[in-house]
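# A look at the structure
Next come the chains, spelled out residue by residue.
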Amino acid sequence: MNRVKRVGRRTGMGMIAASFLAASLLSASVTALAAEEESEEAVRTETAQTSGEGFSMSTAYPGITALAGETVTFDLNFASLDGNAYDADLSVVSIPEGWEGYFQGGDSQISRVHIDDQSALAESALAEFSLTLPEDAEEGSYDIELSADDGDGNASTLALEVTVGQVEVGQSTFTSEYPEQQGATGTTFTFDMTIVNNRSTDQSYSLSAETPSGWQATFTPSGESTNVASLNVEAGSSQGVTVTITPPESVETGDYTIPCSAISADDSLTADLLVTITGTYGVELSTPTGNLSLDAEANQEKAVTLSITNTGNVDLANLNLTSSAPTDWEVRFDSSTIDTLEAGATQEITAYITPAENAITGDYVTSLTISNDEVSDTAEFRVSVQTPTTWGIVAICIIVVLVAALAYIFKKYGRR
């Protein structure tokens, strides 16, 4: 009996051990099968990615050089690899401490993009990544990583590299070689200016000038004739621009400051131009009656009163009278210079005109001019030269004598 119990006990223990062993083998098989399925799924995923499924994110220039304190932009291009549409979340995986970056589409910040088989065919990038470097960024290379993920196992990452250059910030300039000019009322002022873009990216500068009421300002690129409101300046280059300032006719004398600006996304450049209006210059040469004709006799001096008027709003200095007359004529003035002629004042001077001794009867032109460094005016006088009366009497006498002589001859010898 005891032997039977022992055999039964051993048989039961063997059955338990066998059951445990079978369970262990079954568990190991299930685990191995799960691992194999996971491996196969990974292989299928990898195969799907390499066989053209999902989407990609890229940029034409993943490595650039920038300046400390500068904001740079990366154009982000997306392409569907299998023709399907995806909505992907955008995120910054890694960025240097103190740097700021965000995604932009159109004029707004964005966090997702829609990708389809037309995205890669778009004329412009689907999105942009804007990156601002801190002012104290040290020289060297820095890495940024971006990600686009649709949450269903499709994702794409993009590595960017930014090298902080050695050029100091703030060297872009807007200057004029001659920022101060002066002129009379009615003068148009032109200033040759230069925009220097010391940024590492191209800049589009918006141009403007703050002018007083009634003034006009225009901007023209050097070598061109078309007025513009903005200029594109390539990175590290310069562009000349002519600024034309036109004051109104009624402007008063004085100094006028014209602030000009050239503003881009990264630069705000200003320059002041100074215009000094010295006044209106004008002079008129005439006679008190306005009559510019006179009668004269050959070799006889004829006096004519001249009226010289300062028609401007500033005093005129060192005015000189000159003349242009026919050959062998003489012209003189009782005073050929005026030291100062005040604004609005009139001064009379006498001119003496003497026709040539052999001048015959007729009309002649004599020009008189008043001028200085700022103004001039010319009056043309018509001079009618008449033969002296004595010569007329002599001529009549000669004619009478000739007639009398002919009558005598005819009377004495006519009958023969």
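Thresholds applied
- Residues numbered from 1 in each chain as written.
- Predicted model: local features only at pLDDT ≥ 70, side-chain atom pairs only at ≥ 80, totals over all residues.
- Heavy atoms only, no water.
- Core = buried A, V, L, I, M, F, W, Y, C linked by side-chain atoms within 4.5 Å.
- Buried < 20%, exposed > 50% of the residue type's maximum accessible area, 1.4 Å probe, protein only.
- Helix = DSSP H or I, 4+ residues; strand = E, 2+ residues; numbered from the N terminus.
- Salt bridge = Lys/Arg side-chain N within 4 Å of Asp/Glu carboxyl O.
- Patch = residues over 30% accessible without salt bridge, like charges linked within 9 Å, V, L, I, M, F, W, Y side chains within 5 Å.
- Areas by Shrake-Rupley, 256 points an atom, 1.4 Å probe, with all protein chains shown as cover.
- Lys, Arg positive; Asp, Glu negative; His and termini not counted.
- Charge placed at Lys NZ, Arg CZ, Asp CG, Glu CD.
- Contact = heavy atoms within 4.5 Å.

Next up on the list: the nonpolar core. One finds Leu-76, Phe-78, Phe-129, Leu-131, Leu-146 and Val-162 to be the most contacted residues of the largest nonpolar core, which totals 28 residues. Elements represented by at least two residues in this core include exactly strand S1 (55–58), strand S2 (63–66), strand S3 (71–80), strand S4 (86–94), strand S7 (112–115), strand S8 (127–132), strand S9 (140–149) and strand S10 (155–164). Val-283, Leu-319, Ile-338 and Ile-353 belong to the second-largest nonpolar core, a separate cluster that totals 27 residues.

Enumeration according to the criterion identifies 4 salt bridges in this entry. Here Arg-112 ties to Asp-89 by a salt bridge, and the two come within 2.5 Å at their closest N and O atoms. Of the two residues, Arg-112 sits in strand S7 while Asp-89 sits in strand S4, which places them 23 residues apart along the sequence. By relative accessible area, which is 46% here, Arg-112 ends up partly exposed. Arg-332 is the salt-bridge partner of Glu-301, the closest N and O atoms lying 2.9 Å from each other. Linking Glu-301 in the loop between strand S21 (293–297) and strand S22 (302–310) with Arg-332 in strand S24 (residues 330–333), this pair joins segments that are 31 residues apart in sequence. Glu-301 sits in the partly exposed class, given a relative accessible area of 44%. By relative accessible area, Arg-332 is classed as partly exposed at 42%.

Looking now at a negative patch on the surface. Together, Glu-135, Asp-136, Glu-138 and Glu-139 make up a region of like negative charge exposed at the surface. Overall, Glu-135 belongs to the exposed group, its relative accessible area being 60%.

Before going further, it helps to examine the environment of Val-314. Mapped onto the fold, Val-314 is located in the loop between S22 and strand S23 (316–324). Given the relative accessible area of 14%, Val-314 is considered buried. Setting aside anything within four residues of it in sequence, one finds Val-314 in contact with Thr-253, Thr-278, Gly-279, Thr-280, Tyr-281 and Ala-343.

Honestly, it's all geometry; don't read function into it.
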